[in-house]
Amino acid sequence: MNKIQMKNAVAELDGDEMTRILWQVIKDRLISPYIDLKTEYYDLGLKNRDDTDDKITYDAAAAIKRLRVGVKCATITSNAARMEEYKLTHLTPSPNGIIRAELDGTVFRTPVFVDNLHGTVSCWKKPIILGRHAYGDVYKNCEIRTPGPGKAELVFTGTDGTVIRKTIMEMKGSGIIQGIHNIDNSIENFADCCFTYALDQKVPVWFGAKDTISKTYDGQFKIIFQNVYDKKYKDAFEKAGLSYFYTLIDDAVARIMRSEGGMLWACKNYDGDVMSDMIASACGSLAMMTSVLVSPCGAFEYEASHGTVQKHYYRYLKGERTSTNPVALIFAWTGALAKRGELDDTPELTAFAKKLEKATLTTIKEGDMTGDIAHIAQPRAGHVLDSWQFIDAINSRIGSL
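All values derive from a computational prediction rather than experimental measurement. (Residues numbered from 1 in each chain as written. Predicted model: local features only at pLDDT ≥ 70, side-chain atom pairs only at ≥ 80, totals over all residues. Heavy atoms only, no water.)

### What about the packing of helix H1 (residues 17-31) against helix H11 (residues 327-344)?
- Where H1 contacts H11, the axes come no closer than 10 Å and their chain directions differ by 55°. As the angle between them shows, H1 and H11 are arranged oblique. Crossing angle aside, the handedness with which H1 passes H11 is right-handed. Of H11, the residues touching H1 (which contributes Thr19, Leu22, Trp23, Ile26, Lys27, Leu30 and Ile31) are Leu329, Ile330, Trp333 and Leu337.
- Grouping the constituent residues of the contact of H1 with H11 by class yields nine nonpolar, one polar and one charged. (Axes fitted to C-alpha atoms, helices over the stretch in contact; angles between N-to-C directions. Helix = DSSP H or I, 4+ residues; strand = E, 2+ residues; numbered from the N terminus. Parallel < 35°, antiparallel > 145°, perpendicular 65-115°, else oblique. Left-handed = near helix turned anticlockwise from the far one by under 90°. Contact = heavy atoms within 4.5 Å. Nonpolar A, V, L, I, M, F, W, Y, C, P; charged D, E, K, R; others polar.)

What follows is the structure, encoded as C-alpha cells:
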C-alpha cells in the first residue's frame, strides 16, 4: 500500500524507561507501516538531558514552537535515587516544567471513555476535561532549608527602586521556606486557552482556587479569569448556551464528585497535576487519558499523561513481557498526527489518526486489553494481553475500519 505523505514534520520528544520501549514499538507497528513519518527527533532521556545540561530540552521546546506540533513520551524528573542510578552530574529539573514554561501553555487532559470499562465514580457519564495552568507555582519555586532561628522575609525590588518587604515568619528554630510566583500575562493566557477550548468542545467552564486563604495570589487568578470572561467570552458563551463560574477548590472537588461530568475544570498548576491523576484513576487507569499542551502562540504538544512505568521497565530488563497499557502513548501520536494533518490540509493524515484511535477503542470493546483495565471491564475481558500483543491486536483491526 502507498504510505500517507506528510508535508511537514512534528517535533518528536523521546523519553524514559518502559514508555520509551513502547514508544518505538508503536512507531514500528502502528505508524510507520502506514505513514511516511517525518519528525525532528529530540532524545529527552534522562542521561541525555544531564549530558547536555538540558539544552536538548530547550531545543525541543523551540522546535515545537517552530513546527507548531510536538509529540512527547513520558520522562523522568530526577531525584537523589535517580541521580545515583543514572550516574548524573546534577539533579535535572522537570522537562515538562521547562517545556510548559517555554510555551506558556495550558494542559488539557481528558479521560478516554470505553463502553465496557466502568470506573469507580458511577455518576460520571461524560468526560471531564481538566485544564491545567502550565506555568509557575511550585514548579518554578525557590526553596530554602533554614538552619536555625531567624526572620523569613518576602522581598520585591522593583526596577524603579521600589522595595516591598513582608515578614513571613519569625522562626524559632530550623525549618523550611518557599517562594512561588506567577505572572498576570500567563494567567490571562491560561484563561484565554480555557475559554477558547471550552467553546470548541461545547462545554461549560468551572474554575476553583482558594482566594479566601490566598487572598492576593489566588485572588488574582479569580479576578483575571472573571475579567477575561466578561470582556471577551461572555456573549459567545451565552449564545452557545454555556456558562462559567468560580468556586473554592474544595467546593469544586465536591461538586465534581457528584456531577455527571461534561465540563472543563480549570485548575492552577499543582491542583491540575493532582486532580488530573484523580480523574484518570477514577475513570479506570492513568493510561486512559489524553493530554495536550496548548500554547497561546498556536503550538500544540501532545504527550503521555502518566509516568515512565518504572516497575514494568525493571521487569522488562529481566526479559519479562509486561502488560503495560500504551493507550495514552498511542493517543499522543494520533493527536499530533491529526493536528499536523489539520494544519497542513492533509485530510488523509487526520483520517488515519482517527482510524487508529477507533481501532484502539474497538480492540478494548471487543475484550482484548491490558491488565490495568481488565479488572474494571464488564463483561469480563476476553483476553488479557501483554503490551506487544495488545498493539498487534490493534494493528489487526486497522484494515477493517
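### Here we look at the packing of aromatic side chains
- Evaluation of the coordinates by the stated rule reveals 20 aromatic pairs.
- Geometrically, the ring pair formed by Phe195 and Tyr233 is tilted, given 5.3 Å between the ring centres and 35° between the ring planes. Here Phe195 is found in helix H6 (residues 184-201), whereas its partner Tyr233 is found in helix H7 (residues 217-239), with 38 residues between them in sequence. Across this residue pair, the class does not change: Phe195 and Tyr233 are buried.
- The structure contains a cluster of three or more aromatic residues connected by ring pairs, namely Phe190, Phe195, Phe207, Tyr217, Phe221, Phe225, Tyr229, Tyr233, Phe237, Tyr244 and Tyr246.
- Positioned above the aromatic ring of Trp388 is the side chain of Arg321, whose terminal nitrogen or guanidinium carbon lies 4.5 Å from the ring centre.
- In this structure, Lys339 is placed above the aromatic ring of Phe300, and the distance from its NZ or CZ to the ring centre is 4.2 Å. (Phe/Tyr/Trp six-rings, centres within 6.5 Å; stacked < 30°, edge-to-face > 60°. Buried < 20%, exposed > 50% of the residue type's maximum accessible area, 1.4 Å probe, protein only. Lys NZ or Arg CZ within 6 Å of the ring centre and 35° of its normal.)

### Section: the packing of H1 against helix H14 (residues 387-398)
- Here H1 crosses H14 at 25°, and the two axes come no closer than 10 Å. What the angle tells us is that H1 and H14 run roughly parallel. When the axes of H1 and H14 are compared, the crossing they make is right-handed. Counting all contacts with H1, which are made through Met18, Ile21, Leu22, Val25, Ile26, Arg29 and Leu30, the residues of H14 involved are Ser387, Trp388, Ile391, Asp392, Ile394, Asn395 and Ile398.
- Taken together, the residues that form the contact of H1 with H14 break down as ten nonpolar, two polar and two charged.

### Some details on the sheet that holds strand S7 (residues 129-133)
- Taken together, the ten strands give an open sheet; going across it, the order is S4-S2-S5-S16-S15-S6-S7-S14-S12-S13, and neighbouring strands pair in mixed fashion. Here the strands that pair on one side only, and so sit at the sheet edges, are strand S4 (39-43) and strand S13 (244-248). Ignoring which end each strand starts from, the neighbouring axes of this sheet average 20° apart.
- Of the strand pairs in this sheet, strand S12 (residues 205-209) and S13 are connected by five bridges, and their pairing is parallel. Considered in S13, the bridge of Gly208 is made with Thr247.
- The strands that helix H3 (residues 55-67) touches are strand S2 (10-14), S4, strand S5 (69-72) and strand S16 (300-303); relative to S4, the one it contacts most, it runs at about 160°. (Pairing = 2+ DSSP bridges.)

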